[in-house]
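Descriptive structure summary
Each chain, letter by letter, is given below.
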Amino acid sequence: MYYIATRMEFIISFLLAALATWLIVFVPPYEKWVYEKTPAVSQEDIMSSSRGSTGYKAGEGIPVAKTYDEMSTEESWIYFTMEINSNQLLPTGIYKRVEGSISKYETNKRKVALCRNRYIYAQFYILTLEDGKKIPILIDDKEMKKDIIIKLPICSLDSGYGLAEYYYERGCDKSIVEKLYEVDAYGPFINAINAYANGEEMKKFRSNQTTAAIIVFLVVLFGSVTLLFLISKAMGKNNK
């Protein structure tokens, strides 16, 4: 009976430790707090650095684009930001894991909600520009405010692993994108998250998150095992 009781105490303690770790380390919106504390990136910062800037808060000098033509120059695509109305966005329900080296698409919102505690998932929207042109845009909607006017982070046009790629991986013709959303299936999309999701700030946060999870789990496990043992011991004395 003593061995069974000890094993049960450990199982209960393990479950309590796992639950406490999840609630303390993974449930609060730490990603949003990290984003809010991350300094904005200015045009001068972009010019003096070779790192990507998509997804960071737009600072001084970042041009504000309203049409597709304003997202590039004759030589290349540029970094820009946008101020859009929320009714310009049509959600597709297609999410992409943008943090880490693995690009993974997901449409199950429950899986996305669970996985978001460890990785950033962004959703593809269809954005209708002021000139009437429609274009896919990849946004971390967990960070978006529910305002009518939305100030986007730094954006850039992107041609890799976009909305059309999701259908291609599932054996569908890319033209299905054009039929569903009235956008160019082979054209670029607006990326508003990738560089920040893989930047030093998020890497440091994930490292601290892992360390905190280990510490919280061990502390709660040891504390609950000790507490249950003392309770069991006290109850044993009272029964004598």
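**Some remarks on the overall build of the protein chain**
Check the secondary structure of the protein chain and you find 8 helices and 8 strands. Over its C-alpha trace the protein chain gives a radius of gyration of 24 Å, far above what one expects of a compact globule, namely 18 Å for 240 residues. Over its C-alpha atoms, taken along the principal directions, the protein chain stretches across nearly 85 × 45 × 30 Å. Surface accessibility of the protein chain: about 14300 Å² in total, with carbon and sulfur atoms responsible for 59%.

**A few points about helix 2 (residues 30-37)**
Residues separated by three or four positions in an α-helix point in the same direction, a consequence of the helix having 3.6 residues per turn. Every buried residue belonging to helix 2 is among Glu31, Val34 and Tyr35, and all of these are buried. For helix 2, the buried positions fall inside an angular range of 100° around the axis, keeping them on one side.

**Thoughts on the sheet that holds strand 5 (residues 134-139)**
Ordered by their spatial adjacency, 6 strands build an open sheet running 3-2-4-5-8-7, and the pairing between neighbours is mixed. In the strand order of this sheet, the two ends are held by strand 3 (104-106) and strand 7 (156-158), each with one partner. With strand direction ignored, the average angle separating the axes of adjacent strands in the sheet is 35°. Bridge count between strand 2 (residues 89-97) and strand 3: 3 bridges; the pairing is antiparallel. Bridge pairing in strand 3 links Lys96 to Tyr105.

**Some thoughts on the pairing of strand 5**
In the case of a regular strand, side chains alternate between the two sheet surfaces. Extensive coverage of strand 5 is indicated by the burial of 5 of its 6 residues. Two strands pair when backbone bridges link them, and strand 4 (residues 121-128) and strand 5 are joined in this way by 6 bridges, in the antiparallel orientation. Within strand 5, the residue paired with Gln123 across the bridge is Ile139. Where strand 4 folds back onto strand 5 in an antiparallel hairpin, the turn is made up of 5 residues, including Gly132, whose phi is positive at roughly 90°.

**Thoughts on the packing of aromatic side chains**
Scanning all chains against the criterion turns up 10 aromatic pairs. Seen in terms of ring centroids, Tyr35 and Tyr196 are 5.3 Å apart; in terms of plane orientation they differ by 85°. Their pairing is edge-to-face. Here Tyr35 is found in helix 2, whereas its partner Tyr196 is found in helix 7 (residues 194-197), with 161 residues between them in sequence. Per residue, the accessibility class of Tyr35 equals that of Tyr196, and both read buried. An aromatic cluster is built from Tyr105, Phe124, Tyr166, Tyr167 and Phe189, whose rings are joined through pairwise contacts.

**Remarks on the pattern of salt bridges**
Applying the stated rule across the entire model yields 5 salt bridges. Linking Asp141 and Arg116 is a salt bridge whose minimum nitrogen-to-oxygen distance equals 2.5 Å. Remark: Arg116 occurs in the loop between helix 4 (109-115) and strand 4 and Asp141 occurs in the loop between strand 5 and strand 6 (149-151); sequence separation between them is 25 residues. Accessibility classification places Asp141 together with Arg116 in one group, the buried group.

**So, the environment of Tyr95**
Relative to the helices and strands, Tyr95 is located in strand 2. Take Tyr95: its relative accessible area is 7%, and that puts it in the buried class. Other than its neighbours up to four places away in sequence, Tyr95 contacts Lys104, Tyr105, Glu106, Lys109, Val112, Arg116, Tyr121, Ala122, Gln123 and Asp141. One polar contact links Tyr95 to Gln123, side chain to side chain, over a distance of 3.3 Å.

**Here's the deal with a nonpolar patch on the surface**
On the surface, a cluster of nonpolar side chains totalling about 640 Å² of accessible area is made up of Met8, Phe10, Ile11, Ile12, Phe14, Leu15 and Leu16. Overall, the relative accessible area of 42% leaves Leu16 in the partly exposed class.

**Remarks on the nonpolar core**
Counting 31 residues, the largest nonpolar core has Ile94, Leu163, Val177, Tyr181 and Ile193 as its most contacted members. Of all the secondary-structure elements, those providing two or more residues to this core are helix 2, strand 4, helix 5 (163-169), helix 6 (175-181), helix 7 and helix 8 (200-239). For this core, the element with the highest residue contribution is helix 5, accounting for 4 residues. Sequence-distant contacts of Val177, defined by excluding residues within four places in its chain, comprise Leu163, Ala164, Tyr167, Glu182, Val183 and Ala185. Membership of the second largest hydrophobic core comes to 18 residues, among which are Phe80, Ile84, Ile139 and Cys155.

Scoring rules and cut-offs
Residues numbered from 1 in each chain as written. Predicted model: local features only at pLDDT ≥ 70, side-chain atom pairs only at ≥ 80, totals over all residues. Heavy atoms only, no water. Helix = DSSP H or I, 4+ residues; strand = E, 2+ residues; numbered from the N terminus. Rg over C-alpha atoms; globule rule 2.2 N^0.38 Å. Areas by Shrake-Rupley, 256 points an atom, 1.4 Å probe, with all protein chains shown as cover. Buried < 20%, exposed > 50% of the residue type's maximum accessible area, 1.4 Å probe, protein only. Arc of directions from axis to C-beta. Pairing = 2+ DSSP bridges. Axes fitted to C-alpha atoms, helices over the stretch in contact; angles between N-to-C directions. Phe/Tyr/Trp six-rings, centres within 6.5 Å; stacked < 30°, edge-to-face > 60°. Salt bridge = Lys/Arg side-chain N within 4 Å of Asp/Glu carboxyl O. Contact = heavy atoms within 4.5 Å. Polar contact = N/O pair within 3.5 Å; in protein donor to acceptor, adjacent residues only side chain to side chain. Patch = residues over 30% accessible without salt bridge, like charges linked within 9 Å, V, L, I, M, F, W, Y side chains within 5 Å. Core = buried A, V, L, I, M, F, W, Y, C linked by side-chain atoms within 4.5 Å.

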